[in-house]
Amino acid sequence: MGLLTGRTVLVTGATRGIGYAMARCFIEEGAEVPFIYRTSVDRAREIEEEFQAKGAKVKGYRLDIASFEEVSRTISQIVADFGKIDVLVNNAGITRDGLSFRLSEEAWDEVIDTNLKSAFNCIHACVPTMLRQRSGCILSVTSIVGMHGNAGQASYAASKSGLVGLTKSVAKELASRGIRANLIAPGFIRTEMTEKVGEDLMNQWIKDIPMQRAGTPEEVAKAALFLISDNASYITGQVLAIDGGKSM
């Protein structure tokens, strides 16, 4: 029996990178996984077919996660389809890098809406179900950039820092109701997004990591698995850095 047998785990932004690695890890541990995506229709179908062929209950839902109304409607549908939501994983995120004084208002709003407002939307829609169950878990994916800032990533850092404040506040509000809320803060993780920066810049970043290597999406997924499982039943309001020692 897996750590998540009988649990329904909703994952946002699950079609690639860390989100996909988490969804796969949770499914392997027995979870049923509804997931939310915005544009990758073909990839979402591939994920459904991949895991449904193995007997898992998996379904993708396409929507604009920054829309309060769309998220509310979709999560009501997920509850109807799956019967409950035990865990919410706020993973959806984008970057629009640039120096803060050159960043357009449109780029700023897009990052804040996708990375931060979406988490509020999902929490707002999922918590009533968790309250009725008298149990639940919320895991938000922040970043070490949200904890320390980074030149050229003002909007990303602000959104990820805001996610820390939001999740810690929710943890305090809901702890007495049997609902936990924690965060993971990945550092430099090898994904499709980071591969685009080129090997030279990648090696430069790695020099600043005490463990002298990048992390993998699977390593992040295993840490997430711990925090949403009963093994972390007395942990709430915490941020777990997964960064090879970078933020020490």
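Once a new chain begins, its residue numbering starts again from 1 and follows that chain's sequence as written. Reporting in this predicted model follows two pLDDT cut-offs: at least 70 for local features of residues, and 80 or more for side-chain atom pairs to be given and counted; totals over whole chains, interfaces and linings ignore these cut-offs and use all residues. Note that the side-chain values use all heavy atoms of the structure and ignore hydrogens as well as water.

## A closer look at the layout of surface pockets
Gaps between atoms show up when a probe of the same size as a water molecule is rolled over them.
Consideration 1: Buriedness for pockets is judged along seven lines, at least five of which must meet protein on both sides within 12 Å for an open set on the 1 Å grid over protein atoms alone, while cavities are sets there where a 1.4 Å probe fits but cannot get out, and lining residues have an atom within 4 Å of a point. Grid points are joined across faces, edges and corners, and a volume is the space filled by probe spheres set on the points. Taken as a whole, the second largest pocket spans an internal volume of roughly 190 Å³.
Consideration 2: When residues are grouped by polarity, Ala, Val, Leu, Ile, Met, Phe, Trp, Tyr, Cys and Pro land in nonpolar, Asp, Glu, Lys and Arg in charged, and all others, Gly among them, in polar. Taken together, the residues of the lining of the second largest pocket break down into three nonpolar, five polar and four charged.

## Details of the nonpolar core
Consideration 1: Note on terminology: a nonpolar core comprises buried Ala, Val, Leu, Ile, Met, Phe, Trp, Tyr and Cys residues joined through side-chain atoms within 4.5 Å. Buried means the residue's accessible area, taken with a 1.4 Å probe over protein chains only, is under 20% of the maximum for its type, while exposed means over 50%, and partly exposed covers the values in between. By size, the foremost hydrophobic cluster in this structure holds 37 residues, and its most contacted members are Val9, Met22, Phe26, Val89, Ile184 and Ile228.
Consideration 2: Elements are defined by DSSP. Helices are runs of H or I of four residues or more, strands are runs of E of two residues or more, and each kind is numbered from the N terminus. Of all the secondary-structure elements, those providing two or more residues to this core are β1 (9–12), α1 (17–28), β2 (33–37), α2 (41–52), β4 (87–90), β5 (136–141) and α9 (217–228).
Consideration 3: Per element, the largest residue contribution to this core is eight residues, and it comes from α1.
Consideration 4: Should any heavy atoms of two residues lie within 4.5 Å, those residues are considered in contact. If we skip the residues at most four places from it in the chain, Ile184 touches Met22, Leu139, Ser140, Val141, Thr142, Ser143, Val220, Ala224, Leu227, Leu240 and Ile242.
Consideration 5: Counting 30 residues, the second-largest nonpolar core is a separate cluster that includes Ile78, Val164, Ala171 and Leu174.

## Structural notes on the pattern of salt bridges
Consideration 1: Whenever a carboxyl oxygen of Asp or Glu lies within 4 Å of a side-chain nitrogen of Lys or Arg, that contact is scored as a salt bridge. This structure, assessed with the given rule, holds eight salt bridges.
Consideration 2: Between Asp230 and Arg7 there is a salt bridge, with the nearest N and O atoms lying 2.8 Å from each other. On the criterion of sequence distance, the pair formed by Asp230 in the loop between α9 and β7 (239–242) and Arg7 in the segment before β1 is long-range, its members being 223 residues apart.
Consideration 3: Judged by its relative accessible area of 52%, Asp230 is exposed.
Consideration 4: The partner of Asp86 in a salt bridge is Lys84, with the nearest N and O atoms 3.2 Å apart.
Consideration 5: Overall, the relative accessible area of 12% leaves Asp86 in the buried class.
Consideration 6: Its relative accessible area of 28% is what places Lys84 among the partly exposed residues.

## Some details on unusual backbone geometry
Consideration 1: Unusually for a residue other than glycine, Arg134 sits at a positive phi of about 60 degrees.
Consideration 2: Considering the arrangement of structural elements, one finds Arg134 in the loop between α4 (105–133) and β5.
Consideration 3: Backbone geometry at Gln212 places phi at a positive 60 degrees, although glycine is not the residue there.
Consideration 4: You can see Gln212 is positioned in the loop between α8 (199–207) and α9.

## Some details on α4
Consideration 1: For a helix, the expected span equals 1.5 Å multiplied by the number of residues minus one. Taking 1.5 Å as the rise per residue, α4 with 29 residues should run 42 Å; its terminal C-alpha atoms sit 41 Å apart, in good agreement.
Consideration 2: To get the bend at any residue, fit one axis to the seven residues that end at it and another to the seven that begin at it, then take the angle between the two axes. Along α4, the largest kink reaches about 40 degrees and is centred on Asp113.
Consideration 3: Positive backbone phi, at 60 degrees, marks Arg134, one or two positions downstream of α4.

## Remarks on the packing of α4 against helix α6 (residues 154–174)
Consideration 1: Axis separation between α4 and α6 bottoms out at 8 Å; the angle between their running directions is 15 degrees. In terms of orientation, α4 lies roughly parallel with respect to α6. When the axes of α4 and α6 are compared, the crossing they make is right-handed. Side by side, α4 and α6 meet where Trp108, Val111, Ile112, Asn115, Leu116, Ala119, Phe120, Ile123, Val127 and Leu131 of the first sit next to Ala154, Ser155, Tyr156, Ala158, Ser159, Lys160, Gly162, Leu163, Leu166, Val170 and Leu174 of the second.
Consideration 2: Residue classes in the contact of α4 with α6 are distributed as 16 nonpolar, four polar and one charged. For every element, the axis is a line fit to its C-alpha atoms; helices are fit only across the contacting stretch, and the angle between N-to-C directions ranges from 0 to 180 degrees. Throughout this description, any angle smaller than 35 degrees is read as roughly parallel, any larger than 145 degrees as roughly antiparallel, any in the 65 to 115 degree range as roughly perpendicular, and the remainder as oblique. Take the far helix as your reference; a near helix turned counterclockwise from it by less than a right angle gives a left-handed crossing, and one turned clockwise gives a right-handed crossing.

No statement about biological role is implied by the geometric values presented.
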